[in-house]
Amino acid sequence: MAASSRSGTSRKLWFLASAVVLVIALYTAGWFYAASALRERTLLLLGSQADAGISANCENAEYRGYPFRIGLFCSKVDVDDTVNGISASFGSLRSAAQVYNPGHIVWELDAPSEVRTGHGLSVASTWESLQSSLVTKLKGVERASMVIQKPKTTILSSASGQAFDVAADQSEIHLRQNGTDLDAAIQLQNATTTAKGLPQLLPATNTSIDVTFKDRAGVLDGSDRRGLALHGSEGDLREFKADLGQGQVLTLAGPFSFDDRGRMSGKLKLRIEDIPAWQNSLSRAFPGLESTIGTAANMLQALGGGEKASLDLTIRRGKVFAGGLIPIGEIPPI
């Protein structure tokens, strides 16, 4: 009986040990599967869409955090868009998610970054910190937020040779799927723009953009084959706001669209507060256009009957008309 009892106990211990090993093996396999999914979804947010000719590469990929966290570390990230002739490179990337909530991913990206296009435009950026979080679903990314501290970007056109520097204390970017549409909100705090060889164009400005792109929700989950390109898109600019302080506020709102050649069309409502102050700021920034700016300011004051004014702008394939009739400028194709 004693031998039989010991044999039964040994079998129970063996089954228990086997079950523990099986659970650990399944958990480990699930952890690495989740880590692979984390890699794909993180790179998806950076633009990786193989079907659209966009690939993102994570150099020296390393998974960390086992067993309670899932972390992906890359020494460098490269993104290539072979269709539109765009390439980008970034510094090291660190992303992580809790095992119990793998759909909520937080990540950081180190500077510098560089983006080059086949049209001779290069964009180089640095920042103190870039932190982001994203919420995923089975198909891909559903919501994403990004906060960048002390960003500074240099934009250089090889065609004109002119370089511009755009800097801010902080910038925020929020993206979410809204049914089939894509909602985007961007904020820049104390943003400044300077051009090489020229004084600062405008005082530090707080800028915000709130916009919806129709039928572009697939940009986040990777199902939109157009990627980040705006060609053929339409949407609603709920508000673009530029605030120079001391009552100098400019807002734009209204529907818009881009054709297949990147030309913009739309009907926007422009509102300006403290027109004389805007006139002074723009005249200092663009001394060669002082007369034109003065004429525009006088026209706005006449339309508004004071220092505030509202103006309807009609844009037809890049050509801008005040009130739908008076040509005032042209927006180049994107």
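Since we're looking at a predicted model, the values are computed, not measured.

The next thing to look at is the overall build of the protein. A tally of regular secondary structure across the protein gives four helices and 22 strands. Considering only contacts within the protein whose residues lie at least 6 apart along the sequence, 50% involve residues at least 24 apart. Entry remark: accessible area of the protein is about 18800 Å², with carbon and sulfur atoms responsible for 58%.

Applying the stated criterion across every chain yields a total of one disulfide. Across the disulfide, Cys58 is cross-linked to Cys74 (sulfur-sulfur distance 1.7 Å). Because the sign of the S-S torsion sets the handedness, a value of about -100° for the bond joining Cys58 and Cys74 places this disulfide among the left-handed ones. With Cys58 in strand S1 (residues 54-59) and Cys74 in strand S3 (residues 69-74), this pair connects stretches of sequence that are 16 residues apart. For Cys74, a relative accessible area of 4% gives the class buried.

What follows covers the pairing of strand S13 (residues 163-167). Where strand S12 (residues 152-157) lies against S13, five bridges are found, and the strand directions are antiparallel. Within S13, the position partnered with Lys152 by the bridge is Ala167. Here four bridges tie S13 to strand S15 (residues 181-195), and the two strands are oriented antiparallel to one another. Residue pairing across strands places Phe164 opposite Ala195, the latter belonging to S15.

All right, on to the pattern of salt bridges then. Tallied over the full model, the rule gives ten salt bridges. The residue Asp183 makes a salt bridge to Arg176 at a minimum N-O spacing of 3.1 Å. Taking the shortest distance from any N to any O, the salt bridge between Arg263 and Asp259 comes out at 2.8 Å. For Asp259, a relative accessible area of 22% gives the class partly exposed. One network of salt bridges, with partners in common, ties together Arg176, Asp183, Asp210 and Arg238.

Tallied over the full model, the rule gives two aromatic pairs. Considering the side-chain rings of Phe213 and Phe256, the 5.9 Å spacing of their centres and the 85° angle between planes classify their relative orientation as edge-to-face. Of this pair, Phe213 sits in strand S16 (residues 205-213) while Phe256 sits in strand S18 (residues 248-258), placing them 43 residues apart in sequence. Ring pairs connect the aromatic residues Phe213, Phe256 and Phe258, which therefore count as one cluster. Between the NZ or CZ atom of Arg316 and the centre of the ring of Phe321, over which it lies, the distance is 4.7 Å.

On the surface, Met299, Leu325, Ile326 and Ile328 cluster together into a nonpolar patch covering about 390 Å² of accessible area. In this fold, Ile326 is placed in strand S22 (residues 326-330). What makes Ile326 partly exposed here is its relative accessible area of 46%.

Glancing now at the confidence of the model for the protein. In this model, the protein carries an average pLDDT of 79, and 78% of its residues clear a pLDDT of 70 or more. No element of the protein has a lower mean pLDDT than helix H1 (residues 2-45), at 60, and none a higher one than S16, at 93.

Criteria and cut-off values
- Residues numbered from 1 in each chain as written.
- Predicted model: local features only at pLDDT ≥ 70, side-chain atom pairs only at ≥ 80, totals over all residues.
- Heavy atoms only, no water.
- Helix = DSSP H or I, 4+ residues; strand = E, 2+ residues; numbered from the N terminus.
- Contact = heavy atoms within 4.5 Å.
- Areas by Shrake-Rupley, 256 points an atom, 1.4 Å probe, with all protein chains shown as cover.
- Disulfide = S-S within 2.5 Å.
- Buried < 20%, exposed > 50% of the residue type's maximum accessible area, 1.4 Å probe, protein only.
- Pairing = 2+ DSSP bridges.
- Salt bridge = Lys/Arg side-chain N within 4 Å of Asp/Glu carboxyl O.
- Phe/Tyr/Trp six-rings, centres within 6.5 Å; stacked < 30°, edge-to-face > 60°.
- Lys NZ or Arg CZ within 6 Å of the ring centre and 35° of its normal.
- Patch = residues over 30% accessible without salt bridge, like charges linked within 9 Å, V, L, I, M, F, W, Y side chains within 5 Å.
- pLDDT = per-residue confidence, 0-100.

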